Amino acid sequence: MRESTQTVPLALHGGPKTVQSEFAWPIFDEREVNTVAELVRTGQWGNPDCAGLVAEFEAQFAAYCGTKYAISCVNGSVSLRLALMACGVRPGDEVIVPPYTFIATASTVLEVNCVPVFVDLDPDTYNLDPAHIEAAITDRTRAIIPVHFAGLPCDMDAILAIAQRYNLRVIEDAAHAHGAEYRGRKLGSIGDLGSFSFQSSKNLTSGEGGMVITNDDALYRTVESLRNVGRLPEGQWYDHFNPGCNYRISPLQAGLLIEQLKRLDDQTRQRHENGLYLDSLLGAIDGIRPMSRGDAPLVHARHLYMFRYDNRVFGNLPKAEFVQMLAAEGVPCSGGYPHPLYKQPLFQNRNWMCYAIPDSVDYTDVHCPVAERACSDEGIWIFQHALLGSRTDMDAFAEAIRKIQQAVNR
Ligand SMILES: *Cc1c(COP(=O)(O)O)cnc(C)c1O
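What you are looking at is a predicted structure, and each value in this text was computed from that prediction instead of being measured.

Parameters at a glance
Residues numbered from 1 in each chain as written. Predicted model: local features only at pLDDT ≥ 70, side-chain atom pairs only at ≥ 80, totals over all residues. Heavy atoms only, no water. Phe/Tyr/Trp six-rings, centres within 6.5 Å; stacked < 30°, edge-to-face > 60°. Helix = DSSP H or I, 4+ residues; strand = E, 2+ residues; numbered from the N terminus. Buried < 20%, exposed > 50% of the residue type's maximum accessible area, 1.4 Å probe, protein only. Pairing = 2+ DSSP bridges. Axes fitted to C-alpha atoms, helices over the stretch in contact; angles between N-to-C directions. Contact = heavy atoms within 4.5 Å. UniProt positions renumbered as here; feature names shortened; annotations may be inferred.

Some details on the packing of aromatic side chains
Where two aromatic rings form a pair, the distance of their centres and the angle of their planes describe that pair.
Okay, so step 1: Evaluated as defined, the whole model comprises 22 aromatic pairs.
Okay, so step 2: When the centroid spacing of 3.9 Å and the interplanar angle of 10 degrees are considered together, the rings of Tyr69 and Tyr220 count as stacked. Of this pair, Tyr69 sits in strand 1 (residues 69-73) while Tyr220 sits in helix 7 (residues 217-226), and the two are 151 residues apart along the sequence.
Okay, so step 3: With relative accessibility at 18%, the residue Tyr69 sits in the buried group.

If you want it as structure tokens, here you go:
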């Protein structure tokens, strides 16, 4: 038997941290600073026509994604709302969403007076499981919002086939997926509309901001009008045609995004490669299973590096305590959502503002076992900026997990 080396105490218990590096986000230098400083000096802080830098960034982002159009807006929640409105949903219509995502994927459905219908996850990807979608379709279903969770592409072939069969719109929630690819196409460009967020944690950021992309002329015209108080290009300044609002971003945000977009490809490549390397390291640890989409050709945006934790191999240590230990070792991580979205008070104790949801809908009856397990026991996230570290950092992440495993099994 190998002599047990002297055990190093966990960082949580006062021992040395396994990971020494610090991970910054956002990443910027004088180029961002100068861009914003110069804009401030011009005094052109707004552009009510969305011309100038806003239009320039939209053109660049559309070209980047390979779509005809990109329409910016204040955030990645409003972009979902505008996409839903453009799809022509009516009060009481149903929209299929996953239960393991940021609240906006479902709450924007409520905002347009529609009914979110939760469909469980594929246990290997934590994305919407196409095998469960058809059973959830009724004659009120109008759209599906697949979320490319963590930046891992959904099974778009299967989802598009179902959407075609039932004549449903597909809105890709690509808030985690800037620069990610599925079969050579950028995520967000595959469905009818794609929605992005530029909120401060996202892989492309200006602090706040959002974007809708599409190839469809009519959808473009509607979304563009809705984000600009219902104006249309052929109308005058005080002509309003659609029930839109002011959802415009400012040139200051666009200027930042133009600089940040220049960095995105290198950052995506680095996250993607570190992700594959971490897959090989963590996949070799008993009780840790990285998420996987098999061998479909893809670029993973790694907004999160996500893996499944099995506490039976970690002395029955609850996930929350494991995450606390891992964070103390210097790995930027989280146990993620505490509950699937349908467990939120918003759905469990529906208030008067959800008047468009029929009484027949009872969210206390909803159970998505894979999502529940992901929240309570299994799903762990390492944040995207940590994937911008070196290979040595990735080695240290794996070492931190092994250190905890040894400590709790002693
Ligand atoms: C961040 C996010 C959004 C929208 O975010 P905003 O903060 O409103 O920009 C939508 N969906 C998902 C999955 C997200 O993570």
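With respect to the sheet that holds strand 2 (residues 94-97)
Okay, so step 1: The strand order across the open sheet built from seven strands is 1-9-8-5-4-2-3, with neighbouring strands paired in mixed fashion. Edge strands, defined here as strands with exactly one partner in the open sheet, are strand 1 and strand 3 (115-118). Along the sheet, successive strands turn relative to each other by an average axial angle of 25 degrees, direction set aside.
Okay, so step 2: Summarising the sheet, strand 1 and strand 9 (residues 210-214) pair through five bridges and their orientation is antiparallel. What sits directly across from Ile71, in strand 9, is Val212.
Okay, so step 3: Seen against the sheet, helix 7 touches strand 1, strand 5 (169-173), strand 8 (193-197) and strand 9 and runs at an angle of roughly 20 degrees to strand 1.

Looking at the environment of Cys354
Okay, so step 1: For Cys354, the location among the structural elements is in the loop between helix 10 (345-348) and helix 11 (369-378).
Okay, so step 2: Using a relative accessible area of 11% as the deciding quantity, one classes Cys354 as buried.
Okay, so step 3: With residues near it in sequence (within four places) discarded, Cys354 still touches Leu110 and Leu346.

Notes on the UniProt feature "modified residue: N6-(pyridoxal phosphate)lysine" (unreviewed entry) in the chain
Okay, so step 1: Within this numbering scheme, the UniProt entry marks Lys202 as carrying the feature "modified residue: N6-(pyridoxal phosphate)lysine" (unreviewed entry).
Okay, so step 2: Looking at the secondary structure, you find Lys202 in the loop between strand 8 and strand 9.
Okay, so step 3: Looking at Lys202, the relative accessible area reads 11%, which means it is buried.
Okay, so step 4: Filtering out sequence-adjacent residues up to four positions away, Lys202 remains in contact with Trp25, Ala175, His178, Ser197, His303 and Gln384.

Examining helix 3 (residues 78-86)
Each α-helix turn comprises 3.6 residues. Residues three or four places apart therefore point the same way.
Okay, so step 1: Of all nine residues that make up helix 3, eight are buried, and the element is covered over most of its length.
Okay, so step 2: Every buried residue of helix 3 is accounted for by Val78, Ser79, Leu80, Arg81, Leu82, Ala83, Leu84 and Ala86.
Okay, so step 3: Looking one or two residues beyond helix 3, the residue adopting positive phi is Gly88, at roughly 80 degrees.

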